[in-house]
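Report on the structure
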Amino acid sequence: MRKTALCIVALVGSLAVLSGCAATVATRPAPDANAPECADVSVRLPDAVGELESRTTDGQATAAWGDPTAVVFACGLEPPAPTTLQCVTINSVDWIVDDEELPNLRLTTYGREPAAQAYVDTTRLSADTVLQALAPAVQMLPKTAACSAPDEGTSDDDDAPTTSGSGDLP
């Protein structure tokens, strides 16, 4: 009995040491992180994105992958208004692509309520990989709108990034 107790204590101690290898990622929850829809998303998030393992976060309805962190996710944002930023569709989920902080991309769902957002270090993995991994979970958010094709005749450059267009990430 004493030997079994010592084995259990050793196992628990080993697990504590192993789980302490990667520090908790400090995240700020979105304003509506307590929405029931975000709980549905959170329990369906993948254990890995590409080859990056999930990390523990300290914010409700948030997630992170990679050590150092390469992807941060949050659910519970205000749905974005129409914009001129590029809008892409990956596995039936529309995302607004904000490339202002390249090589990092801020990807925000469009037409989902509440909205969700992923912040991706594209030097570590492609945004396509991240969005494909997140799609099954994010599809749980109710769809209220969708990206639409650019109006004919309004642009000389059909490949120009706009939220009214859809396609794959560059």
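As the structure is a computational prediction, the values presented were derived from the model and not from experiment.

Quick look at the pattern of salt bridges now. What the rule picks out here adds up to two salt bridges. Among the salt bridges present, the one from Arg55 reaches Asp67, with a minimum N-O distance of 3.6 Å. Here the residue Arg55 occupies a position in strand 2 (residues 52-55), and Asp67 occupies one in the loop between strand 3 (62-65) and strand 4 (71-77), the gap between them amounting to twelve residues. Given a relative accessible area of 15%, Arg55 falls into the buried group. In this structure, the salt-bridge partner of Glu101 is Arg106, at a minimum N-O distance of 3.1 Å.

What follows concerns the sheet that holds strand 2. Spatial ordering of the open sheet is given by 1-2-3-4-8-7-6-5, a layout of eight strands whose pairing is antiparallel. Only two strands of the sheet have a single neighbouring strand rather than two, namely strand 1 (48-49) and strand 5 (86-90). Pairing of strand 7 (residues 104-109) with strand 8 (residues 115-121), which is carried by five bridges, proceeds in the antiparallel orientation. Paired with Asn104 across the two strands is Asp121, which belongs to strand 8.

For the rest of this paragraph, the subject is the environment of Leu77. Counting through the fold element by element, Leu77 comes out in strand 4. The contacts of Leu77, once residues within four sequence positions are left out, are Ala30, Pro114, Ala115, Ala116 and Gln117.

Our focus in this paragraph is the pairing of strand 5. Pairing between strand 5 and strand 6 (residues 93-98): five bridges, direction antiparallel. Among the inter-strand pairings, Gln86 is bridged to a residue of strand 6, identified as Val97.

Looking at the chain as a whole, its pLDDT mean stands at 82, while 75% of the residues score no less than 70. Segment residues 1-20 is flagged for pLDDT under 50; beyond a separation of four residues in sequence, or across chains, it makes zero contacts in the model. Predicted confidence for residues 152-170 stays below pLDDT 50, and this span has 46 contacts to residues more than four positions away or in other chains.

With that settled, consider unusual backbone geometry. Omega for the bond connecting Leu102 with Pro103 falls within 30 degrees of zero, at 10°, which places this linkage in the cis form. Counting through the fold element by element, Pro103 comes out in the loop between strand 6 and strand 7. Cis geometry marks the peptide bond from Glu113 to Pro114, where omega comes out at -5°. Inspection of the secondary structure puts Pro114 in the loop between strand 7 and strand 8. One non-glycine residue with positive phi stands out, namely Ala61, at about 60°. In this fold, Ala61 is placed in the loop between strand 2 and strand 3. Overall, the relative accessible area of 9% leaves Ala61 in the buried class. Backbone geometry at Ser92 places phi at a positive 70°, although glycine is not the residue there. Residue placement: Ser92 occurs in the loop between strand 5 and strand 6.

What counts, and at which threshold
Residues numbered from 1 in each chain as written. Predicted model: local features only at pLDDT ≥ 70, side-chain atom pairs only at ≥ 80, totals over all residues. Heavy atoms only, no water. Salt bridge = Lys/Arg side-chain N within 4 Å of Asp/Glu carboxyl O. Helix = DSSP H or I, 4+ residues; strand = E, 2+ residues; numbered from the N terminus. Buried < 20%, exposed > 50% of the residue type's maximum accessible area, 1.4 Å probe, protein only. Pairing = 2+ DSSP bridges. Contact = heavy atoms within 4.5 Å. pLDDT = per-residue confidence, 0-100.

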